[in-house]
Amino acid sequence: MDEKTMEKISGCRVFDTTSPFKKHVPSKLEIDFEKSVCEDTKLMENTTRVENAERIEDVMMYDGFEIQNSINTTISQDCLSQNNLHVIFTNKLICTYDNMDHRYHGRTVICSNPAIISTTGMIEAPAKSREYYLEAMKCKMQGLDIKSVKKNHSGKFLDYHDQRLSKIAEGYLLQAIFYYITGDAFCDSLDCRLNNAHWQKDLIYSQIKISKLCKKHQKILDDL
Ligand SMILES: [Zn+2]
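Residues numbered from 1 in each chain as written. Predicted model: local features only at pLDDT ≥ 70, side-chain atom pairs only at ≥ 80, totals over all residues. Heavy atoms only, no water.

## Here we look at unusual backbone geometry
Cis geometry is adopted by the peptide bond preceding Pro 114, which originates at Asn 113 and carries an omega value of 5°. The backbone of Ser 112 sits at a positive phi, close to 150°, despite the residue not being glycine. In this structure, His 161 is a non-glycine residue whose phi angle is positive, near 65°. Topologically, His 161 is positioned in the loop between α7 (147-152) and α8 (165-182). (Helix = DSSP H or I, 4+ residues; strand = E, 2+ residues; numbered from the N terminus.)

## Section: the environment of Gly 183
By the element assignment, Gly 183 lies in the loop between α8 and α9 (200-210). Along the backbone, Gly 183 and His 105 are 78 residues apart, and their C-alpha atoms lie at a distance of 22 Å.

## A word on the pattern of salt bridges
Pairing between side chains of opposite charge can happen when their charged atoms approach one another. Following the criterion strictly, the structure yields 13 salt bridges and no others. We note a salt bridge from Lys 35 to Glu 3, for which the minimum N-O separation is 3.2 Å. Of this pair, Lys 35 sits in helix α2 (residues 28-39) while Glu 3 sits in helix α1 (residues 3-10), and the two are 32 residues apart along the sequence. Taking relative accessible area as the criterion, Lys 35 reaches 23% and is therefore assigned partly exposed. The partner of Glu 170 in a salt bridge is Lys 167, and the shortest N-O contact between them spans 3.7 Å. Of this pair, Glu 170 and Lys 167 both sit in helix α8, 3 residues apart, which is roughly one turn of that helix. Glu 170 gets classed as partly exposed once you look at its relative accessible area, which sits at 37%. (Salt bridge = Lys/Arg side-chain N within 4 Å of Asp/Glu carboxyl O. Buried < 20%, exposed > 50% of the residue type's maximum accessible area, 1.4 Å probe, protein only.)

## Some points on the environment of Ile 56
Inspection of the secondary structure assignment puts Ile 56 in the loop between α2 and β1 (61-63). The spatial distance from the C-alpha of Ile 56 to the C-alpha of Thr 41 is 21 Å, given a sequence separation of 15 residues. Dropping the residues within four chain positions of it, Ile 56 is found in contact with Thr 17, Val 50 and Met 61. (Contact = heavy atoms within 4.5 Å.)

## A short note on the coordination of the zinc ion
Cys 187 (SG), Cys 192 (SG), Cys 214 (SG) and His 217 (ND1) make up the full set of protein donors to the zinc ion, lying at 2.1 to 2.4 Å. Around the zinc ion, the 4 donor atoms are arranged such that angles at the metal cover 98 to 118°; this shape is classified as tetrahedral. All donors of the zinc ion come from a single chain, and their spacing in sequence reads C-x4-C-x21-C-x2-H. Of the residues examined, Cys 192 reaches a relative accessible area of 0% and is grouped as buried. (Donors = N, O, S within 2.8 Å, 3.2 Å for Na, K, Ca; no water. Tetrahedral: all angles 85-135°; square planar, octahedral: opposite > 155°, others 65-115°.)

## Let's talk about helix α6 (residues 130-141)
In this model, α6 (12 residues) spans 17 Å end to end at C-alpha, consistent with the 16 Å of a helix rising 1.5 Å per residue. Of the positions making up α6, those classed as buried are Tyr 132, Ala 136 and Cys 139. Looking straight down α6, one finds its buried side chains confined to an arc of 60°; they lie on one side. Residues of α6 that are exposed and point more than 90 degrees away from the buried face comprise Arg 130, Lys 138 and Met 141. Lining the buried residues of α6 we find α7. Remark: Gly 143 follows α6 within two positions and exhibits a positive phi of approximately 75°. (Expected span 1.5 Å × (residues − 1). Arc of directions from axis to C-beta.)

## Side note on the state of the cysteines
Think of a disulfide as a covalent bridge from one cysteine sulfur atom to another cysteine sulfur atom. Evaluated as defined, the whole model comprises 0 disulfides. With no disulfide of its own, Cys 12 has Cys 95 as its nearest cysteine by sulfur position, at a separation of 11 Å. (Disulfide = S-S within 2.5 Å.)

## Quick notes on the sheet that holds strand β4 (residues 103-107)
Across the sheet, 3 strands lie side by side as β1-β3-β4; this open sheet has mixed pairing. Two strands lie at the open edges of the sheet, namely β1 and β4, each paired on one side alone. Strand after strand, the sheet turns through a mean of 45° between neighbouring axes, direction not considered. Relative to β4, strand β3 (residues 93-98) is paired through 5 bridges, and the arrangement is antiparallel. Within β4, the residue paired with Tyr 97 across the bridge is Tyr 104. Taken strand by strand, helix α3 (residues 64-72) contacts β1, β3 and β4, and its axis lies near 65° from that of β1. (Pairing = 2+ DSSP bridges. Axes fitted to C-alpha atoms, helices over the stretch in contact; angles between N-to-C directions.)

As structure tokens, then:
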């Protein structure tokens, strides 16, 4: 990735989750950070995680559509017109602004070409159970670590370095491919890997327990 694109991506950061995207002019420090992350994506893990953030703005978030535009300009029109689907996997937390409730929401997949799939999004975007949030909130109010709460709910949601992430990523890749082929990425059925999960439990159920397409979507694939 060239320096100009890295600078553009740094400018895609979101600092106010309650307003539509405002172009950010990155500082030299921010551009340098972007360059370092490009060379070693693990550095992203040193940034503030959602569960540790005092304010959500402390988490590094990027506008998904802006990133998509920035990367789109690096792909030659020839390549895009030759029926090649480009899929970008990233550990950046991507989000998109929702005009209905006037706020940004974390996203796991931005379907289109190029499609973007965020591994951090898999962990942070679909919600954990209400019980988990209540217990975590209680712990935080008492100034306690949430490790014990995470242990109590262990396995019920995806966490960083979770071994299930690669299997989950396959499902989101299928969604990006279906969108590219049919213009429709998602399925209402929980028994299908195209289910657009809003809850961690549904995501784990569709991708790990069921781990296949529903009959309708399997047929679309078979008929290709
Ligand atoms: Zn389906």
